[in-house]
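# What the coordinates show
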Amino acid sequence: QLVREEEAWNLTAFQKYVQQVQQGHAQNTETLLDSCQAFIDDLEQKLPEVGVVDSILPCWDWISTAGCSDATITSFTGTLCEFLRPLNPLLVFLVGDLDIGLGRALEDRGSEWALNLAVQRTGKRGIDALRGWLYAIRETAEQMLIHWRYDIVRVDSTTLDSQSSG
C-alpha cells in the first residue's frame, strides 16, 4: 500500500490536525501526534502487509514549516518512534543535489506545481523561496536523523547510489 503525502490531508486519521492547520495552529504537535497514532493504528490493522508512506512520517517537514523549534521536533520524533515500534519502520532518506532534484521535479510536475508548493510552505510564490525551504527542511531532517531509532537507507537521488545504516 502506498500513501502519498498529498493524500494524508484527506485521510480520516489526519483530519484533526488538518483543522488545526486551517485554524492557524500548525504548531500543535500534540494533535499531530494523535493523528499519527491514529494513522499508525490504521497501518497496524493491515500487518503483515508492507505500507509505504511517501513523506508523511516522520512529519519533519510539516512541523518545521510550522515553525516548531528543534527541541520540539526532537521531542516529537521520540514520541513518534515509540508509536512506530510495532511497525519496525525503515526510513528511506533521499539525499543528493537539491538543485538537480528540484530541476527534475519541475520537468515532471511543471512550474505551477513548484510555485503552489512554495506558497503552501513559505507563503511566497517563487522558485527561490521553494529552494530555500527545501534546503532548510533538509537541514532539519539531517539533524533529526540522529534521534531516529530505526534503520535508515540513504539514497542519493542524484546518482541513484544507496548507503544503509542501522
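All of these numbers come straight from a predicted model, not from anything done at the bench. (Residues numbered from 1 in each chain as written. Predicted model: local features only at pLDDT ≥ 70, side-chain atom pairs only at ≥ 80, totals over all residues. Heavy atoms only, no water.)

## Quick look at the packing of aromatic side chains
All chains considered together, the criterion is met by 7 aromatic pairs. An angle of 10 degrees between the planes, with centres 6.3 Å apart, marks the rings of Tyr17 and Trp62 as stacked. You can see Tyr17 sitting in helix α2 (residues 15-22) and its partner Trp62 sitting in helix α4 (residues 60-65), a full 45 residues away along the chain. By the burial criterion, Tyr17 is buried, and Trp62 matches it. With a centroid separation of 5.8 Å and 70 degrees between ring planes, the pair formed by Trp148 and Tyr150 is classed as edge-to-face. Side by side, Trp148 and Tyr150 carry an identical accessibility label, which is buried. An aromatic cluster of three or more residues is present, and its members are Trp9, Phe14, Tyr17, Phe39 and Trp62. (Phe/Tyr/Trp six-rings, centres within 6.5 Å; stacked < 30°, edge-to-face > 60°. Helix = DSSP H or I, 4+ residues; strand = E, 2+ residues; numbered from the N terminus. Buried < 20%, exposed > 50% of the residue type's maximum accessible area, 1.4 Å probe, protein only.)

## Things to note about the side chain of Glu5
One can find Glu5 in helix α1 (residues 5-8). A distance of 3.0 Å separates the side chain of Glu5 from the side chain of Arg121, its partner in a polar contact. Those residues in contact with Glu5, other than ones at most four positions away along the chain, are Asp54, Ser55, Ile56, Asp61, Trp62 and Arg121. (Polar contact = N/O pair within 3.5 Å; in protein donor to acceptor, adjacent residues only side chain to side chain. Contact = heavy atoms within 4.5 Å.)

## Things to note about unusual backbone geometry
In this structure, the amide linkage connecting Leu57 to the following residue, Pro58, adopts the cis form with an omega of 20 degrees. Topologically, Pro58 is positioned in the loop between β2 (52-54) and α4. Backbone geometry places Cys59, a non-glycine residue, at a positive phi of 70 degrees. Residue placement: Cys59 occurs in the loop between β2 and α4. Cys59 sits in the buried class, given a relative accessible area of 1%. Of note, the phi angle at Asn88 is positive, near 45 degrees, even though the residue is not glycine. Here Asn88 lies in the loop between α5 (70-84) and β3 (90-95). The class for Asn88 is exposed, based on a relative accessible area of 59%.

## Quick word on the packing of α5 against helix α8 (residues 127-144)
Axis separation between α5 and α8 bottoms out at 10 Å; the angle between their running directions is 55 degrees. In terms of orientation, α5 and α8 fall into the oblique class. The two elements α5 and α8 cross, and the hand of that crossing is right-handed. Of α8, the residues touching α5 (which contributes Asp70, Ile73, Thr74 and Thr77) are Thr140, Gln143 and Met144. When its residues are assigned to classes, the contact of α5 with α8 shows 2 nonpolar, 4 polar and 1 charged. (Axes fitted to C-alpha atoms, helices over the stretch in contact; angles between N-to-C directions. Parallel < 35°, antiparallel > 145°, perpendicular 65-115°, else oblique. Left-handed = near helix turned anticlockwise from the far one by under 90°. Nonpolar A, V, L, I, M, F, W, Y, C, P; charged D, E, K, R; others polar.)

## Quick word on α2
Owing to its 3.6 residues per turn, the α-helix aligns residues three or four sequence positions apart on the same side. Within α2 the residues assigned to the buried category are Tyr17, Val18 and Gln20. In a view along the axis of α2, the buried residues occupy a sector of 160 degrees, so they form one face of it. Away from the buried face of α2 by more than 90 degrees, exposed residues Lys16 and Gln22 are located. Just past α2, the residue Gly24 takes up positive phi, approximately 85 degrees. (Arc of directions from axis to C-beta.)

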